[in-house]
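Here is what each chain is made of, one letter per residue.
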Amino acid sequence: MHAPAAHTIPVDLLLRAYRAGVFPMADHRNDEEVYWVEPRERAIFPLDGLHISQSLRKTIRQNRFQVTCDRDFASVIAACAEPREEHAESWISNRIEASYNALHRAGHAHSIECWEGGRLVGGLYGAAFDRVFCGESMFSRTKDASKVALVWLVAAMRDAGYEVLDCQFMTDHLASLGAVAMPQSAYVSLLASATGSGVGSGAAWGSRGVVGSLPASVSRFASAESPGKSILQSLTQTS
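Please read these numbers as outputs of a predicted model, since none were measured by experiment. In every chain, residue numbers begin from 1 and rise along the written sequence. Note on the predicted model: pLDDT of at least 70 is required for a residue's local features to be given, and 80 or more for side-chain atom pairs to be given and counted; whole-chain, interface and lining totals, by contrast, use all residues. Excluded from the side-chain calculation are hydrogens and water; included are all heavy atoms of the structure.

This part takes up the overall build of the protein. Scanning the protein for helices and strands turns up 9 helices and 9 strands. Between buried and exposed lies partly exposed: a residue is buried under 20% and exposed over 50% of the maximum accessible area for its type, with that area taken using a 1.4 Å probe on protein chains only. A burial count over the protein gives 53% of its 239 residues as buried. Entry remark: accessible area of the protein is about 10700 Å², with carbon and sulfur atoms responsible for 50%. Working definition: helices are DSSP H or I runs of at least four residues, strands are E runs of at least two. Numbering for both runs from the N terminus. Every accessible area reported is derived by Shrake-Rupley at a probe size of 1.4 Å, with residue values counting cover from the shown protein chains alone.

All right, on to helix 4 (residues 94-105) then. Helix span, as expected, comes to 1.5 Å for every residue beyond the first. Along its 12 residues, helix 4 runs 17 Å from first to last C-alpha, staying within 8% of the 16 Å computed at 1.5 Å per residue. Looking only at helix 4, the buried set comprises Arg95, Ile96, Glu97, Ser99, Tyr100, Asn101, Ala102 and Leu103. Positive backbone phi, approximately 90°, marks Gly107, located one or two places after helix 4.

Now for the nonpolar core. By size, the foremost hydrophobic cluster in this structure holds 40 residues, and its most contacted members are Phe45, Ile112, Phe133, Leu150, Leu153 and Leu165. The greatest single-element share of this core, amounting to 12 residues, is contributed by helix 5 (residues 145-160). Residues count as neighbours in contact if any of their non-hydrogen atoms are within 4.5 Å of one another. Aside from chain neighbours lying at most four places away, what touches Ile112 is Val67, Thr68, Cys69, Val76, Gly122, Gly123, Leu124, Ala149, Trp152, Leu153 and Val218. Think of a nonpolar core as a cluster: buried Ala, Val, Leu, Ile, Met, Phe, Trp, Tyr and Cys residues, connected wherever their side-chain atoms sit within 4.5 Å.

To continue, consider the packing of helix 5 against helix 8 (residues 214-222). Only the stretch in contact is used when fitting a helix axis, every axis being a line fitted to C-alpha atoms; angles between N-to-C directions are given from 0 to 180 degrees. Direction vectors running N to C along helix 5 and helix 8 enclose 110°, while the axes themselves pass 9 Å from each other. Judged by the inter-axis angle, helix 5 sits roughly perpendicular to helix 8. As helix 5 packs across helix 8, the resulting crossing turns out to be right-handed. Here Trp152, Leu153, Ala155, Ala156, Met157, Asp159 and Ala160 of helix 5 lie close against helix 8, whose contacting residues are Leu214, Ser217, Val218, Arg220, Phe221 and Ala222. These descriptions rest on fixed angle ranges, namely under 35 degrees for roughly parallel, over 145 for roughly antiparallel, 65 to 115 for roughly perpendicular, and the rest for oblique. Left-handed describes a crossing whose near helix is turned anticlockwise from the far helix by less than a right angle; the clockwise case is right-handed.

Let us now look at the packing of aromatic side chains. The aromatic pairing rule takes the rings of Phe, Tyr and Trp, using the six-membered ring of Trp, and pairs them if the centres are within 6.5 Å, calling planes under 30 degrees apart stacked, those over 60 edge-to-face and the rest tilted. Counted according to the given criterion, the structure contains 5 aromatic pairs. Aromatic pair Tyr18 and Phe129: ring centres 6.3 Å apart, planes at 40°, arrangement tilted. With Tyr18 in helix 1 (residues 11-19) and Phe129 in strand 6 (residues 119-129), this pair connects stretches of sequence that are 111 residues apart. A relative accessible area of 1% places Tyr18 in the buried class. Given a relative accessible area of 1%, Phe129 falls into the buried group. Between Phe73 and Tyr125 the ring centres are 5.8 Å apart and the planes differ by 80°, which places this aromatic pair in the edge-to-face class. One end of the pair, Phe73, is in helix 3 (residues 73-80); the other, Tyr125, is in strand 6, and 52 residues separate them in sequence. Taken together, the ring pairs in this structure connect Phe73, Tyr100 and Tyr125 into an aromatic cluster.

Next up, the structure:
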């Protein structure tokens with residue numbers, strides 16, 4: 001199945017696809033075509049099952065990075081699309097990049113950024129709808145930056161009342177961080193049960209009676225006296 005070439009994927013089409021458990025990819029950076037992927041097996045992060053090593057805990061407690069949400073979505077997705085040693089070609093085509101920037105402007109895609117000395121050194125981005133966040137990609141220019149972004153994402157999702165963190169395909173790296181695999185049919189059922197009142201668009205709603213948006217939750221943690229300590233304490237609390 002191919003979408004028409006030479007224009008962004010409509011926001012409503014992307015959201016319908018995500019709600020059906022499907023997402024777009026491309027063969028290379030300049031590919032104007034996209035294909036829609038429906039994995040037989042899906043990987044998700046249980047929000048109460050993230051594995052944080054002692055060394056990573058130390059990095060978080062030290063507040064080595066300044067962490068933000070949606071400060072520079074465009075730079076995060078551009079960094080994720082850069083060539084990597086293990087992948088000669090990026091699946092994030094120019095068309096997909098433009099489409100997710102449009103999805104972000106519509107309030108249904110978010111980025112978590114890690115800054116060091118005013119420089120963007122890591123982060124991640126994904127699509128958000130209902131009580132679901134579908135992680136698309138992450139990058140790191142210094143040790144642990146993308147892992148710190150993931151920990152902050154999980155804490156913010158728990159705080160805002162999200163239920164499902166999708167990470168698409170299982171890898172050894174994701175498994176080491178606590179990701180688990182499930183059949184696609186079970187994942188689609190999980191999506192159906194994770195409906196909510198516009199969490200992805202930043203509506204005021206949350207399981208803990210707070211504003212149910214990722215940017216608001218990240219800002220609340222960032223304003224704490226020790227953001228890292230606040231993040232780690234929140235993850236020890238029962239959901």
